[in-house]
Amino acid sequence: MSTADTSTDELTAEAERVLRICTACMYCDGLCPVFPAIDDKHEFRLSDLNYLSNLCHNCRGCWYACQYAPPHPFAVNLPATLAAVRRRSYADHLWPPVLGRAFGSPVTGIAAIVSLIVLATLAFVLLSSPPAALFGADDSEGAFYRVLPWSIMAGAAGASLLWAVACIGLATLRFWRTMAPDVPRGALLRALAPALRDIVTLRHLGGGGPGCNDVGERTSHHRRLFHHVMVAGFAGTALSTVSAAIYHHALGVAAPYPLASLPVLLGLVGGVVMLAGIAGLLWIEHRADTEPSDRTEVALNVTFLILLGLVTLSGLAVLAFRETPAMGLLLAGHLGLVFGFFVVLPFSKAVHAPFRAAALLRAAAEKAAAGARSKRDRG
Ligand code: SF4
Ligand code: SF4
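Here is what the cut-offs are and how they apply
- Residues numbered from 1 in each chain as written.
- Chains lettered and ligands numbered in written order.
- Predicted model: local features only at pLDDT ≥ 70, side-chain atom pairs only at ≥ 80, totals over all residues.
- Heavy atoms only, no water.
- Near = heavy atom within 4 Å.
- Helix = DSSP H or I, 4+ residues; strand = E, 2+ residues; numbered from the N terminus.
- Nonpolar A, V, L, I, M, F, W, Y, C, P; charged D, E, K, R; others polar.
- Buried < 20%, exposed > 50% of the residue type's maximum accessible area, 1.4 Å probe, protein only.
- Polar contact = N/O pair within 3.5 Å; in protein donor to acceptor, adjacent residues only side chain to side chain.
- Contact = heavy atoms within 4.5 Å.

### A closer look at the site of ligand 2
Residues in close proximity to ligand 2 include L31, C32, V34, F35, C56, H57, N58, C59, R60, C62, L78 and P79, which together make up its full environment. Only α2 (34-38) and α5 (78-93) provide two or more residues apiece to the shell around ligand 2. For the shell around ligand 2, the residue count by class is 9 nonpolar, 2 polar and 1 charged.

### Notes on the environment of F347
Structurally, F347 is set in the loop between α14 (327-344) and α15 (352-378). Under the relative-accessibility criterion, F347 is labelled buried at 5%. Separated by 75 residues in the primary sequence, F347 and V272 place their C-alpha atoms 26 Å from one another.

### What to know about the site of ligand 1
Around ligand 1, the neighbouring residues are I21, C22, C25, M26, Y27, C28, F35, C62, C66, Q67 and Y68. For the shell around ligand 1, the element with the most residues is helix α1 (residues 8-25), which contributes 3 residues. Considered class by class, the residues forming the shell around ligand 1 number 10 nonpolar, 1 polar and no charged.

### What to know about unusual backbone geometry
Trans is the common state for peptide bonds, and a negative phi is the common state for residues other than glycine. Cis peptide bonds are those with omega within 30 degrees of zero, and the linkage from W95 to P96 qualifies with -5°. Position of P96 relative to the elements: it lies in the loop between α5 and α6 (106-128). Positive phi values are uncommon outside glycine, yet N58 reaches one of about 60°. Relative to the helices and strands, N58 resides in the loop between α3 (46-55) and α4 (61-65). Looking at N58, the relative accessible area reads 11%, which means it is buried. At R60, a position not held by glycine, the phi torsion is positive, near 75°.

### Section: the side chain of H334
Residue position: H334 is located in helix α14. Within the structure, H334 has its side chain in polar contact with the backbone nitrogen of G315 (distance 3.2 Å). Among residues more than four places away in sequence, those in contact with H334 are V311, S314, G315 and V318.

These results come straight from atomic positions and should not be treated as a statement about function.
Next up, the structure:
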């Protein structure tokens, strides 16, 4: 059954059917943490399905290993089924709940909102900034704030970021509450360190050695590598923003900063590295086999990557052309993209990171509790 057009109940029934076949088979045990988590399980509640779907990292290994995949009459397609359940888990736990509907049409919804915010920012800047600041070549201290005053720039960025953090934080809390493991508090505490290690190192993207099935049956570590590269670049740009805030508030120097300054160097290196990671992940999405995937989840992935890429590219364009008359409009476009990016984050693929972290924490906690039980039994 294709998961693209299945209704909620059909999807739940399909996920239960496929997982019951896997539980009886267990041929793929060892490929990823999903299989130890379903071992000996015969019933799958909605909370279990949500947990398992976020534990799956879509490596596609079980699709290529499966003897019950189509054309077998069992038609098992575990990666696509879990991808559809995973996307539904994002929508079901979003806060405010009305946002969940946005997951029905992520690309058009996200594109429309970001375009509107970019246009609104450009219109505001065109109407409020003096033409000399907007169209003149000026890279002297404070030039950016003559295009858009600091209080408006920081206020809009802060409010949209706060919105994103609050919505994603509350959604993650709702998700955790519905699928928190039934384990002693000690097991949960002991699970924190291994879960954190799995999250930071993306250990499971290693597939226990060979990596993910990026192109057909060929495995590689490219997905893991490009994830790390993108996150490293993001960390560089975040540090650039922090250092710029220190320059502004502690040293009393307003942007734009010299090329050899910390904010510019961190932003430049971080931006280029992040673009390399984004390009690599888009390249993997482009070459991937579409059968073991959920079309809407792929669209979510690509939309998020393109949007993050546009934010990064527009920031680098401001840096490259800041001494020219194009700086004003480029800065306004970049800021509009940043505000729009923050506003749509709660219903973008960004929720994947905290939901997966929560699933990995439950997996580590259940492992710690099982270890403690077997130690008790032996002793
Ligand atoms: S994906 Fe296929 S081969 Fe792997 S455990 Fe499930 S049914 Fe068995
Ligand atoms: S696609 Fe990969 S991570 Fe997902 S269930 Fe299959 S083997 Fe596990």
